[in-house]
Amino acid sequence: MALEPEQAHYLGNVMRQAVGDFVCLFNGLHGEWRCRIEILRKDRGIVVPERQTRQQVADAPLTLVFAPLKRDTTNLVIEKATELGVTRIQPVFTERSNTLRLNLDRFSAIAREASEQCERLSVPEICPAMPLYTLLEAWNPVEKLHAAIERSGAHSPAPSSNGTALLVGPEGGFSPTELDVMRRTPFVEAVGLGPRILRAETACIVGLALLQAAKWDNRGAAAAIS
Ligand code: SAH
């Protein structure tokens, strides 16, 4: 199996691996494989799969919809969302969004590195950004969209059996019109993340951690959660 130039560079120059060493690889489909390095040059390499070390398990669908923030903060959200088991990342533009240009390739690279670091065998899908209202129109209404809304007095998010999605607004919060549209949209459910106003990146992490913790605790009783 041929390595990408960056992978060859990473293995040789960063991880200091050499021909004959073993590495564990995954492709998101076939689990994890222990592979022997057959050839390793500066920008290319060949590895030979030897045996499977972990089976691929299907991830529970978990979507993060969020309004992109400043570049470093957005990158942090992508990394943490990956660690917290998100399967799909959907950036949305809202009225108060202050970032309109996104580097989706960079997001994919961050997600891949975070997956490797946390020993996940899949990488979340990064979807092209769209306006919030377009997202609401295109949304599959059987899937609940948990909108994190501060000062709403709403309960904390809990996973549902039809897929789980968390929506977090921009630094300036959702506009009154957006709040009104969401209030009138049946599949949108307001959720609260505690009594304090969190920064958007904290809200993403807290909301996903709450969803993941509930999912983890209720693995045996998933059907009872709605
Ligand atoms: N500037 C706004 C706050 C925006 S916080 C204000 O002062 O009113 C950014 C985003 O984080 C919000 O749009 C919301 O999605 C989420 N958020 C922050 N704190 C929250 C909380 N306590 N409960 C639910 N969502 C919260």
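Cut-off values and rules
- Residues numbered from 1 in each chain as written.
- Predicted model: local features only at pLDDT ≥ 70, side-chain atom pairs only at ≥ 80, totals over all residues.
- Heavy atoms only, no water.
- Salt bridge = Lys/Arg side-chain N within 4 Å of Asp/Glu carboxyl O.
- Helix = DSSP H or I, 4+ residues; strand = E, 2+ residues; numbered from the N terminus.
- Buried < 20%, exposed > 50% of the residue type's maximum accessible area, 1.4 Å probe, protein only.
- Pairing = 2+ DSSP bridges.
- Axes fitted to C-alpha atoms, helices over the stretch in contact; angles between N-to-C directions.
- Contact = heavy atoms within 4.5 Å.
- Core = buried A, V, L, I, M, F, W, Y, C linked by side-chain atoms within 4.5 Å.
- Near = heavy atom within 4 Å.
- Polar contact = N/O pair within 3.5 Å; in protein donor to acceptor, adjacent residues only side chain to side chain.
- Areas by Shrake-Rupley, 256 points an atom, 1.4 Å probe, with all protein chains shown as cover.
- Phe/Tyr/Trp six-rings, centres within 6.5 Å; stacked < 30°, edge-to-face > 60°.

Now for the pattern of salt bridges. Tallying each qualifying case throughout the model produces nine salt bridges. Note that glutamate 32 is salt-bridged to arginine 54, the shortest N-O span being 3.1 Å. With a gap of 22 residues between them, glutamate 32 in strand S2 (residues 32-40) and arginine 54 in strand S3 (residues 45-54) connect regions that are remote in the sequence. The salt bridge partner of arginine 34 is glutamate 50, with a shortest N-O separation of 2.9 Å. One end of the pair, arginine 34, is in strand S2; the other, glutamate 50, is in strand S3, with 16 residues separating them in the sequence. Exposure remark for arginine 34: the relative accessible area of 25% places this residue in the partly exposed category. Among the ionic contacts, a cluster of salt bridges with common partners joins Glu79, Lys80 and Glu83.

Spatial strand order, S1-S2-S3: three strands in an open sheet with antiparallel pairing. Looking along the sheet, the strands with just one partner apiece sit at the ends: strand S1 (22-26) and S3. Here the strands of the sheet are splayed against their neighbours by 35 degrees on average, with no regard to which way each runs. Here S2 runs beside S3; their pairing, made up of eight bridges, is antiparallel. The residue of S3 that forms the bridge with isoleucine 39 is isoleucine 46. In this fold helix H1 (residues 5-14) packs onto S1, S2 and S3, with an angle of close to 80 degrees to the strand it touches most, S2.

Below, the discussion takes up the nonpolar core. By size, the foremost hydrophobic cluster in this structure holds 24 residues, and its most contacted members are Leu64, Phe66, Ile78, Val168 and Leu208. Going through the elements one at a time, strand S4 (62-66), helix H2 (71-83), helix H3 (104-117), strand S9 (164-168) and helix H6 (200-217) are the ones with two or more residues in this core. Considering every element that reaches this core, the biggest residue donor is H6, with five residues. Leaving out residues up to four positions away in the same chain, valine 168 has contacts with Val65, Phe66, Ala67, Ala148, Phe174, Ala200, Ala203 and Cys204. Counting residues in hydrophobic clusters, the runner-up holds 15 residues, among them Leu136, Ala147, Ala165 and Leu167.

Near the ligand, the surroundings consist of 20 residues, among which Ala148, Arg151, Leu193, Arg196 and Leu198 are the closest. Within the contact set of the ligand, an oxygen atom lies 2.6 Å away from a backbone nitrogen or oxygen of alanine 148. Taking leucine 198, its main chain carries an N or O atom lying 2.9 Å from a nitrogen atom of the ligand. Computed on the free molecule, the ligand has an accessible area of 550 Å², of which 86% lies beneath the protein chains in the complex.

Time to look at the packing of aromatic side chains. Enumeration over the complete set of coordinates arrives at one aromatic pair. An angle of 20 degrees between the planes, with centres 6.4 Å apart, marks the rings of tryptophan 139 and phenylalanine 187 as stacked. Taken together, the residues tryptophan 139 in the loop between helix H4 (132-138) and strand S8 (144-148) and phenylalanine 187 in the loop between helix H5 (176-183) and strand S10 (188-191) connect sequence positions 48 residues apart. With respect to class, tryptophan 139 is no different from phenylalanine 187; both count as buried.

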